[in-house]
Structure formats: structure tokens, C-alpha cells
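# Understanding the architecture of this molecule
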Amino acid sequence: MFIENPLNASEWTFPILEVLHISSFAIAIGTVALVDFRLLGLGLRAQTAGQLTKDTRAATLISLSVALFSGLLLYSTDPDKFYLNISFLFKITCLLLAISFHYTIHRRVALADSSPMLGRLVAVVSIALWVGVVFGGIFIEFVKPGLGFD
Amino acid sequence: MLLSLAIWLQNTGLFRFLRESDHGYEILLALHVSSIALFTAAVVLTDLRLLGWALRGHSVQSIINEMRVPKRVGFLCVATFGFLMFGMKAEEYYYNVFFRTKVLLFLLVAAHAIIFRPRVYNRATAPSGVKLAAGCSLALWLAIVCAGRGIGYIHPPVFSHHFAMQTRYTTEMGLK
């Protein structure tokens, strides 16, 4: 049985969800980036990385949740388009890695204020993964549709 | 006048080079959006503190000072990548209603800075108008995100240079 997705009933839902998605992931990734730049020793010297993590934790979690839910709704408007898109698969891979990394290793290292070298390494991995998510998302519209198995 | 300036700009060597590059526009767009994340986080954390909704353990002034550098660095990156994308398609963007809206919104951002910077952001104590400044800032930047995303929804006018290029591109890529 074919059920019409109510989100496709209006041409406004997609752009509104997109703006919600962009604003929320911007806050989520940006707050993580602030901690990463602190770990790299670039700016924000008034606080330790641990304090900064505690201060930004709520903003990151709330905005990440909004980004994930708006992302699922965006995905639901045309699932075929997305899961058969190489850039989307790249984005989701980066996203799963980025979230797992963030709430395990990144969190522990930032809170422990451990050795600067380890902090820098973790920050570089974190920035690379999150920027990978953004690149994957942007390129969804620009890569050839399909996975090339046809 | 503005139109001829836009056409001149997009035909300069740099923007010709970027236009003819393989994925120049998409890469710049992704870098633009990545830097938006840094800038947005710094703006939102500052404004949430001004509103008293977050980071209440820190003084308003310490958050403003902490976020000043990421805000400026972030804005510089966003603006640079944004300008490079504009230059590639300046003629087309001249006609784009969302681009025009975005330019107007930036004039309001400038007005916001002129009005509130001396009164709120550069003061040691929190005077009145703090919440108004934060609310206006959040509303303006959200509107700019909307206008920015809207730009991509407008197709280039058929008479512009970019229309022919985009048609060729979508045909080659087998899109739509």
C-alpha cells in the first residue's frame, strides 16, 4: 500500500525543514568546533577545554537532536533519492563516526584536560569528521544519482 | 551600474578560473557552510547569555570577550567563501530576489552593530537594551540563513551567462 507522506503536501515544508536543519547543525558543529579550537590551543584561553565542554554540552546536545530529527524528516520526503546517493552515504558514515567519537573519546579527552598532543590529535579528527558531514551533505545535490551499480 | 559591475566582476581572471574549475562552487559552498557553524555557535552562545537563557555561571562580559575572536574569525571565513561564490555568479545573483534580501539584511546587521555595539557589547556592566540586542541579532541571523538557502532555489535567468553553463552541466551529469 502506498501512503503519501504529508510532508510532501506543501512546497514550503522542505525549505523550512532545511533552514531548521542548517541552523541546528550549525550550532551543534560550531559548539564542538569551539572545544576543538581550544584543544588545538587556538583562542578561548580564558577557560580549559574541560570547562568549555561542560558549558557547551547542553547546546550541542539540544541542537544535535533537532538536526537529527529535521534530517530524518527531510530524508522521509524522498528516501530513494538519498539512500541511492553516494554523497549521502558518505555523510551518514561520517555522521555516525563523528557522533560516536564525540560522546566517547572526544568527551573524555576534553574533560580530562590531558596532554596537549592527545588533545590536538582528537581535535583534528573531530574537525575532519564534522567537516566531512557538511561536505557530504552539500554534495548530495551535485553528484550523479545512483551508486554506479546499474 | 550595479549590473555592469557584477558582470565585470564575474569576468575577472579569478572568477573565470573558479567557474571553469571542476567542483569549485560546491567546495566553496561546503567551506562556507562549515565556517557558518563556527560563526553561528559564537553568535548564539553570546546572545543566549545576553538573554540569560544559558551559561549563567559566567558573566555577560566574559562570554562576550571569549566569543569575540571565534565570531570574527568565523565571519571572515564565511564572508570570504561567500564572496568567492558570489563572484562566480555575480550577474545571476544580481537578479536573485533572495540574494537582494540577504544584502538588505546585512545592512540591518550593520545598523545593529552601530546601535548596540557601544551600548551593549563594549560595556563592562549590563545596561538596558541587552535583551533587545540579543533578540534582534538572533532574528537577523536566522533570516540571513533563510535568505541564503533561498538563493539556491532561484533558477538563473535564461539570458545570463550561467544559464547556458548550468544547462550543459546538468545534461553532462545526467541530472533531472
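Definitions and limits used
Each chain carries its own residue numbering, running from 1 in the direction its sequence is written. Think of it this way: whatever chain is written first is A, whatever ligand is written first is 1, and the rest follow in order. Note on the predicted model: pLDDT of at least 70 is required for a residue's local features to be given, and 80 or more for side-chain atom pairs to be given and counted; whole-chain, interface and lining totals, by contrast, use all residues. By definition, a nonpolar core groups buried Ala, Val, Leu, Ile, Met, Phe, Trp, Tyr and Cys residues that are joined through C-beta atoms within 7 Å. The burial label depends on the number of other C-beta atoms within 10 Å of a residue's C-beta. Counts of 20 or more mean buried, 12 or fewer mean exposed, and intermediate counts mean partly exposed, with C-beta atoms placed from the backbone. Helix numbers and strand numbers start at the N terminus; a helix is a DSSP run of H or I with at least 4 residues, a strand a run of E with at least 2. Once C-beta atoms have been placed from the backbone, residue pairs whose C-beta atoms lie within 7 Å are recorded as contacts. Expected span, for any helix, means 1.5 Å times one less than how many residues it has. Lines fitted to C-alpha atoms define the axes, with helix axes restricted to the stretch in contact, and inter-axis angles between N-to-C directions lie between 0 and 180 degrees. Roughly parallel covers angles under 35 degrees, roughly antiparallel covers those over 145, roughly perpendicular covers 65 to 115, and oblique covers all other angles. Polar here means any residue outside two lists: the nonpolar Ala, Val, Leu, Ile, Met, Phe, Trp, Tyr, Cys and Pro, and the charged Asp, Glu, Lys and Arg; Gly therefore counts as polar. Crossings are assigned a handedness: left-handed for a near helix turned anticlockwise from the far helix by less than a right angle, right-handed for a clockwise turn.

## Description of the nonpolar core
- A:I29, A:A33, A:W130, A:V134, B:A41 and B:L45 are the most contacted members of the largest nonpolar core, which has 67 residues in total.
- Per-element tally for this core: the top contributor is helix α3 (residues 24-51) of chain B, with 15 residues.
- Excluding anything up to four places from it in sequence, B:A41 contacts A:I27, A:G30, A:T31, A:A33 and A:L34.

## Observations regarding helix α1 (residues 13-39) of chain A
Residue and element names in this part refer to chain A.
- Here α1 spans 39 Å end to end across 27 residues, near enough to the 39 Å set by a 1.5 Å rise per residue.
- For α1, the buried fraction is high: 19 of the 27 residues fall into the buried class.
- Once α1 finishes, G41 follows within two positions and takes phi at roughly 80°, a positive value.

## Things to note about unusual backbone geometry
- Although it is not a glycine, B:L55 sits at a positive phi angle of roughly 55°.
- Checked against the element boundaries, B:L55 lands in the loop between α3 and α4 (60-88).

## Concerning the packing of α1(A) against α3(B)
- Interhelical geometry of α1(A) versus α3(B) gives an angle of 85° and a closest axis separation of 7 Å. Relative to α3(B), α1(A) is oriented roughly perpendicular. For the pair formed by α1(A) and α3(B), the contact residues are A:A26, A:I27, A:I29, A:G30, A:T31, A:A33 and A:L34 on the first element and B:I36, B:A37, B:L38, B:T40, B:A41, B:A42 and B:V44 on the second.
- Among the residues forming the contact of α1(A) with α3(B), the class breakdown is eleven nonpolar, three polar and no charged.

## Considering the packing of α1(A) against helix α2 (residues 49-76) of chain A
All names here are of chain A.
- At a closest axis distance of 8 Å, the pairing of α1 and α2 adopts a crossing angle of 155°. Judged on the interaxial angle alone, α2 and α1 are roughly antiparallel. As α1 packs across α2, the resulting crossing turns out to be left-handed.
- Here the contact of α1 with α2 is built from residues that sort into 18 nonpolar, nine polar and two charged.

## Points about the interface of chain B and chain A
- Opposite the 26 residues of chain B that make contact, chain A presents 25 residues.
- Elements represented by at least two residues in the side of chain B that touches chain A include exactly α3, α4 and α7 (130-151) of chain B.
- Among the elements that take part in the side of chain B that touches chain A, α3(B) stands out by supplying 13 residues, more than any other.
- Considering only residue class, the side of chain B that touches chain A consists of 19 nonpolar, four polar and three charged.

## Notes on the environment of B:G135
- Turning to its location among the elements, B:G135 is positioned in helix α7.
- In this structure, the C-alpha to C-alpha distance between B:G135 and B:G150, residues 15 residues apart in sequence, is 23 Å.

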